[in-house]
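Tertiary structure, described
One letter stands for each residue in the lines below.
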Amino acid sequence: MQEFLQQLTNGLAVGGIYALIALGYTMVYGVLKLINFAHGELFALGAYLGFTLLVTLGLSDFMGGVGVVFLLLIFAMGLVAIAGYFLERVAYRPLRQSNRLAAVVSALGASIFFQNAMMLVYGTKALVYPGGILPSVVVSVLGVEIPLIRILIFASSVLLMCLLFWFIHHTRTGAAVRAVSLDQGAARLMGINVNRIISLIFLIGPALGAAAGVMVGLLYGQIRYDMGVGYGLKAFTAAILGGIGNIPGAMAGGILLGVIEALGAAYISIAWKDAIAFFTLILILIFRPTGLLGERVADKV
Amino acid sequence: MPESAYLELRDLRVSHGSVEALRGISLSVNQGEIVALLGANGAGKTTTLSTISGLLRPSAGAILFEGRPLHTLPSHEIVRRGITQAPEGRRIFALLSVRENLELGAFTRRDRAGAAATLDWIFELFPRLRERLNQLAGTLSGGEQQMLSIGRALMGAPKVLLLDEPSLGLAPILARAIFQSVREVNAAGVTVILVEQNARAALQLASRGYVLEVGRIALADSASALLRNPDVQIAYLGNGE
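Presented here is an overview of the structure given in this document. Note that the structure is predicted; figures quoted are calculated from it, not measured.

In terms of helices and strands, chain B carries 10 helices and 10 strands. In terms of overall size, chain B behaves like a compact globule, its C-alpha atoms giving a radius of gyration of 17 Å where 241 residues would be expected to give roughly 18 Å. Overall, chain B is about 45 × 45 × 35 Å in size when its C-alpha atoms are taken along their principal axes. Across chain B, the fraction of contacts at a sequence separation of at least 24, relative to all contacts at a separation of at least 6, is 65%.

Here the focus is the overall build of chain A. When you go through chain A residue by residue, the secondary structure sums to 12 helices and four strands. Taking 2.2 N^0.38 as the reference for a compact globule, 301 residues should give roughly 19 Å; the C-alpha atoms of chain A span a radius of gyration of 19 Å, in line with that estimate. Residue burial in chain A is summarised as follows: out of 301 residues, 50% are buried. Long-range contacts, defined here as pairs at least 24 residues apart, represent 76% of the contacts in chain A between residues at least 6 apart.

Residues and elements named next belong to chain A. Examined bridge by bridge, strand β2 (residues 138–141) and strand β3 (residues 144–147) share four bridges and lie antiparallel to one another. Pairing of V141 across the sheet is with V144, part of β3. Hairpin geometry of β2 and β3 is characterised by an intervening segment of two residues between the two adjacent antiparallel strands and by a positive phi of about 50° at L142.

Right, let's talk about the sheet that holds strand β7 (residues 160–164) of chain B for a bit. Residue and element names in this part refer to chain B. A sheet is described by the order of its strands in space; here six strands give the open sequence β6-β7-β8-β3-β9-β10, paired in mixed fashion. Since the sheet does not close on itself, it has two edges, and those belong to β6 (83–86) and β10 (216–222), each with one partner. Taken over all neighbouring pairs, the strand axes of this sheet differ in orientation by 20° on average, direction set aside. Direction of pairing for β7 relative to strand β8 (residues 191–195): parallel, over a ladder of five bridges. Bridge pairing links D164 to V195 in β8. Contacting β3 (34–39), β7 and β8, helix α7 (residues 172–187) crosses the sheet at an angle of about 155° to β8.

Let's shift gears to the packing of helix α7 (residues 172–182) of chain A against helix α3 (residues 98–105) of chain B. Where α7 of chain A contacts α3 of chain B, the two axes come as close as 10 Å, and the packing angle between them is 100°. With respect to their mutual orientation, α7 of chain A and α3 of chain B come out roughly perpendicular. On the side of α7 of chain A, the interface is formed by A175, A176 and A179 of chain A, while α3 of chain B contributes E100, E103 and L104 of chain B.

Cut-offs applied
Note on numbering: residues in each chain are counted from 1, in written sequence order. Going through the entries in the order they are written, you letter the chains from A and number the ligands from 1. Per-residue local features are limited, in this predicted model, to residues with pLDDT of at least 70; the limit for side-chain atom pairs, both in listing and counting, is 80 or more; totals at the level of whole chains, interfaces and linings are taken over all residues. Every helix listed is a DSSP run of H or I at least four residues long, and every strand listed is a run of E at least two residues long, numbered separately from the N terminus. It is over C-alpha atoms that the radius of gyration is taken, and the globule rule equals 2.2 Å times the number of residues to the power 0.38. Placing C-beta atoms from the backbone, we regard two residues as in contact once those atoms come within 7 Å. The burial label depends on the number of other C-beta atoms within 10 Å of a residue's C-beta. Counts of 20 or more mean buried, 12 or fewer mean exposed, and intermediate counts mean partly exposed, with C-beta atoms placed from the backbone. Two strands pair under a simple rule: DSSP has to find at least two bridges between them. Note on definitions: angles span 0 to 180 degrees between N-to-C directions of axes, and those axes are lines fitted to C-alpha atoms, for helices only across the stretch in contact. When an angle is under 35 degrees it counts as roughly parallel; over 145 it counts as roughly antiparallel; between 65 and 115 it counts as roughly perpendicular; any other value is oblique.

Here you go:
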């Protein structure tokens with residue numbers, strides 16, 4: 001039981017990270033029916049920008065503790081949001097009226113562009129987040145040992161998701177986002193500036209991805225220019241698992257995937273971690289093709 | 001120079017790809033009236049309304065509203081200028097609540113008190129909406145969805161309301177209720193352009209009507225004259241002798 005709870009808490013931190021990245025995929029898909037293949041790279045960019053602030057700009061030399069984590073998140077999220085905004089303006093908006101395939105190819109191109117840009121700037125070798133940013137405290141609950149960093153990561157990801165949920169469900173602009181994802185034409189008839197909503201999605205999604213990037217840097221220490229591929233694929237899986245286009249679905253799918261992976265690694269084999277994740281996806285899609293919380297088909301009268 | 005009407009379409013041409021859906025439509029609407037657009041499927045009625053709302057761009061011609069060009073504005077600016085639409089097929093946001101649908105109708109408004117007053121008025125017009133306020137819009141019946149679609153368009157405090165087939169698929173008693181509310185909306189000072197397959201009901205409501213045939217205006221006359229017109233009677237009123 002104790003072992004199980006231990007693995008569960010390990011999985012929650014990673015699951016929170018998957019969920020944050022998955023939200024970017026699912027929100028963009030929700031409004032544009034497009035898979036933003038460059039999203040994994042924006043996540044990696046977040047990790048690198050965190051590194052830049054910590055090491056290149058030397059933040060870790062004169063500060064430590066939770067305050068640093070907060071600054072890292074703000075810094076990376078802000079800059080990656082801007083990158084996301086321009087990504088949409090340059091790579092997707094001009095192709096909005098052309099066929100779906102053109103946008104997909106553009107997305108793949110943008111992904112390669114970002115990956116190569118990071119490789120040029122930061123090099124091909126893995127970079128290391130300096131240790132000791134957070135005190136290596138381990139909290140013990142019911143005999144389960146949880147490092148402070150994991151608690152902080154899970155709490156931050158949950159906080160960000162709560163903020164997003166509140167924004168989407170309790171603000172006028174959030175309602176407009178949902179309206180645009182349901183019916184763009186009708187949304188325009190309400191006087192909603194659809195382009196502005198799409199820009200907003202490309203600010204929010206990448207910002208959440210960037211937060212996840214910083215978290216991975218803090219949790220594992222190492223970051224690489226191609227880390228977006230693996231995490232992107234996992235988070236994309238999580239988004240489909242939860243029902244693509246569905247925001248609570250991405251949250252649930254991400255956390256579930258993190259937990260399943262951790263449990264699978266512990267009880268089956270760590271080498272099978274990825275296989276277990278994708279096998280779960282296949283299983284769920286067989287029994288629920290729209291994903292766990294996928295849109296119940298709305299009656300179109 | 002002739003004085004321009006409240007809302008005026010001048011030789012409007014619109015294409016869907018290579019198909020020209022509107023082949024030079026000219027019509028005018030005076031402030032405070034109900035104008036009916038009649039015609040068979042594919043005549044260009046919905047295209048006309050979509051173009052006024054800015055969802056489609058004309059390839060030639062112009063739309064003037066209160067003397068100023070409308071056809072160059074994006075759709076959200078057109079709503080701001082005071083033209084809203086309850087589109088064909090209702091297009092309510094099925095997975096949002098009735099309340100959220102209505103609030104989205106007031107998306108461009110900043111006067112909260114005014115929006116609250118409009119909401120009260122809509123509840124007077126359609127008391128059913130008040131009862132169903134927190135329900136998902138997709139769970140409403142067809143008639144209620146139509147009320148929501150019209151109510152949502154009214155939430156924008158329009159000067160001109162565009163209605164596309166409001167009675168389509170409704171039981172006669174519900175259709176009559178909808179027409180009655182259109183009359184009340186108009187009495188409150190809202191100019192209405194009504195596209196309707198029930199030509200008789202539309203002409204009984206309207207002061208004037210236009211008959212569209214394959215992208216052109218075939219007839220333009222007062223509603224009473226159109227009701228008496230033998231061609232209209234045979235083609236649209238179903239009493240060919």
